[in-house]
Amino acid sequence: MRNSTTFKKGHSVPIAWRNKIRTRFLGKKYLTNKKIRIICLYCKKEFSIYPSRLGRTKYCSKICYDKSQIGRFSKENNPRWKGGEFKGKCEACGKIFISNHRHKQKYCSIACARRSQLDYRGEMPRCSICDKLLTQHEAKNCYKHRLLPSRETVRKRAAKLVGKMPKNMKNKGMFANIKSGYYLINGKKIFFRSKWEANYALYLDFLVQQNKITKWEYEPDSFIFHKIQFGTRSYRPDFKVCGEDGNVVYHEVKGYLDPKSKTKLKRMRIYYPHIKIRLVRSKDYLALRKQVGKLLNFF
């Protein structure tokens, strides 16, 4: 009987299977944890590695690896190469070094890159609060103690956006499970942000045929909250429905009311109290799908 139930701690593969795999690719002499001696491909010197690194490590050091890569991406061997050779001169110490990066490298080491950041006192730049060494991408303070803009600058930036249409109003939906895309409604291809909205458009088209409403439109109007400077400054309902008596009601299909949509509806009551909005929740939509879903061939 095979020893398939014996597991070693920390492994999910049985010991017998693991030994077979190792003997197949490495041989029986590599099953131990002792180091073995192999030859470097560049300098032809022997160096020792663990058996698990066999096949991955081919060079004795990074210097041999860098020297072996010289000219690999040069103009002669690679016509697509846009840079120069791998040899470069360090801007801090002036030493000529070899790099395996395709992009131009300014410094030969991290220490030279740190030395290039010395301030006028000849010391490394540090955070003024926690005295932490700063990297190249950071300014006077570290990320934790960075200086945030004042309230006046934030208000000036927000004042420029008051009364303007946000750029992300006409963007597609951010959720992939709602199945946004183009749907065929009465011979016309219309882009809907969700599958529920497309099915509700079929229902509204059915009401037009029954002479209960005159017409409907998808996201024709947008309302901007002119006095609001921060947060949600606009709202665009889903459907504009015109009744037979001439009254206009905006329908909003929402399965779940997140905090952002709640603030939109609250601000609509404050700034546009004369506009009627009908909210179609998940219970209303599911009840509608049971009644006329098969009749109208919902998507």
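This text goes with the structure placed above it.
Now for a look at the structure at hand.

The rules we used
Residues numbered from 1 in each chain as written. Predicted model: local features only at pLDDT ≥ 70, side-chain atom pairs only at ≥ 80, totals over all residues. Heavy atoms only, no water. Patch = residues over 30% accessible without salt bridge, like charges linked within 9 Å, V, L, I, M, F, W, Y side chains within 5 Å. Areas by Shrake-Rupley, 256 points an atom, 1.4 Å probe, with all protein chains shown as cover. Salt bridge = Lys/Arg side-chain N within 4 Å of Asp/Glu carboxyl O. Lys, Arg positive; Asp, Glu negative; His and termini not counted. Charge placed at Lys NZ, Arg CZ, Asp CG, Glu CD. Helix = DSSP H or I, 4+ residues; strand = E, 2+ residues; numbered from the N terminus. Buried < 20%, exposed > 50% of the residue type's maximum accessible area, 1.4 Å probe, protein only. Phe/Tyr/Trp six-rings, centres within 6.5 Å; stacked < 30°, edge-to-face > 60°. Core = buried A, V, L, I, M, F, W, Y, C linked by side-chain atoms within 4.5 Å. Contact = heavy atoms within 4.5 Å. Axes fitted to C-alpha atoms, helices over the stretch in contact; angles between N-to-C directions. Parallel < 35°, antiparallel > 145°, perpendicular 65-115°, else oblique. Left-handed = near helix turned anticlockwise from the far one by under 90°. Nonpolar A, V, L, I, M, F, W, Y, C, P; charged D, E, K, R; others polar. Polar contact = N/O pair within 3.5 Å; in protein donor to acceptor, adjacent residues only side chain to side chain. Pairing = 2+ DSSP bridges. Arc of directions from axis to C-beta. Right-handed = clockwise from strand over helix to strand, strands pointing away.

1. Describing a positive patch on the surface
Point 1. Positive charge collects at one region of the surface, where Lys262, Lys266, Arg269, Arg281 and Lys283 lie side by side.
Point 2. Inspection of the secondary structure puts Arg269 in helix α6 (residues 259-271).

2. Concerning the pattern of salt bridges
Point 1. Within this structure, the stated rule accounts for three salt bridges.
Point 2. Where Glu46 meets Arg37, a salt bridge forms, and the shortest distance between an N and an O atom there is 3.7 Å. For the pair formed by Glu46 and Arg37, the shared burial category is exposed.
Point 3. Among the ionic pairs, Lys240 bridges to Asp221, the shortest N-O distance being 3.4 Å. One end of the pair, Lys240, is in strand β10 (residues 239-243); the other, Asp221, is in the loop between β7 (213-218) and β8 (223-224), with 19 residues separating them in the sequence.

3. Examining the packing of aromatic side chains
The geometry of an aromatic ring pair comes down to the distance between the two centres and the angle between the two planes.
Point 1. In the structure shown here, the tally under the stated rule is 15 aromatic pairs.
Point 2. Measuring from ring centre to ring centre gives 5.5 Å for Tyr200 and Phe239, while their planes differ by 50°; the resulting arrangement is tilted. Of this pair, Tyr200 sits in helix α5 (residues 195-209) while Phe239 sits in strand β10, and the two are 39 residues apart along the sequence. Across the pair, Phe239 and Tyr200 agree in class, each one buried.
Point 3. Three or more aromatic residues link up through ring pairs in this structure, and these residues are Tyr183, Phe192, Tyr200, Tyr203, Trp216, Tyr218, Phe239 and Phe299.

4. Topic: the nonpolar core
Point 1. With 23 residues, the main nonpolar core has Ile185, Phe192, Tyr200, Tyr203, Leu204, Trp216 and Phe239 as its most contacted residues.
Point 2. Contributions of two or more residues to this core are made by β5 (181-185), α5, β7, β10 and α7 (282-292).
Point 3. Among the elements that make up this core, the one with the highest residue count is α5 (eight residues).
Point 4. The contacts of Ile185, once residues within four sequence positions are left out, are Ile190, Phe192, Ala198, Ala201, Leu202, Trp216 and Phe299.
Point 5. If you look at the next biggest cluster of nonpolar residues, it comprises ten residues, including Phe223, Phe225, Tyr235 and Leu265.

5. Here's the deal with the packing of α5 against α7
Point 1. Relative to each other, α5 and α7 sit at 55°, their axes nearing to 11 Å. Taken as axis vectors, α5 and α7 run oblique relative to one another. Of the two possible hands of crossing, α5 and α7 adopt the one that is left-handed. On α7, the residues that touch Trp196, Asn199, Tyr200 and Tyr203 of α5 are Ser282, Tyr285, Leu288 and Val292.
Point 2. Across the contact of α5 with α7, the residue classes tally to six nonpolar, two polar and no charged.

6. Some points on the environment of Glu219
Point 1. In this fold, Glu219 is placed in the loop between β7 and β8.
Point 2. Linking Glu219 and Phe192, residues 27 residues apart in sequence, is a C-alpha distance of 9.5 Å.
Point 3. Dropping the residues within four chain positions of it, Glu219 is found in contact with Arg193, Arg236, Pro237 and Asp238.
Point 4. Only 2.9 Å separates the side chain of Glu219 from the side chain of Arg193, close enough to count as a polar contact.
Point 5. Polar contacts involving the side chain of Glu219 include one to the side chain of Tyr218, which spans 3.5 Å.

7. Details of the sheet that holds strand β11 (residues 248-253)
Point 1. Across the sheet, which stays open at both edges, the four strands sit in the order β7-β10-β11-β12 with mixed pairing between neighbours. Each having just a single partner strand, β7 and β12 (276-280) make up the two edges of the open sheet. Along the sheet, successive strands turn relative to each other by an average axial angle of 25°, direction set aside.
Point 2. Note: β10 against β11, four bridges, orientation antiparallel. Counted as the bridge partner of Cys242 is Val248 from β11.
Point 3. Relative to β7, α5 is tilted by about 160°, and along the sheet it contacts β7, β10, β11 and β12.

8. Concerning α7
Point 1. Along α7, the residues that are buried comprise Tyr285, Leu288 and Val292. Angularly, the buried residues of α7 cover 65° about the axis, an arc narrow enough to put them on a single face. The exposed residues of α7 that point more than 90 degrees off its buried face are Lys283 and Lys290.
Point 2. Against the buried residues of α7 lie α5 and β12.

9. Focus: the pairing of β12
Point 1. Examined bridge by bridge, β11 and β12 share five bridges and lie parallel to one another. Across the sheet, residue His251 finds its bridge partner in β12, namely Arg278.
Point 2. A crossover links β11 with its parallel partner β12, the connecting element being α6, and its sense is right-handed.

Geometric descriptors of this kind do not, in isolation, establish any biological role.
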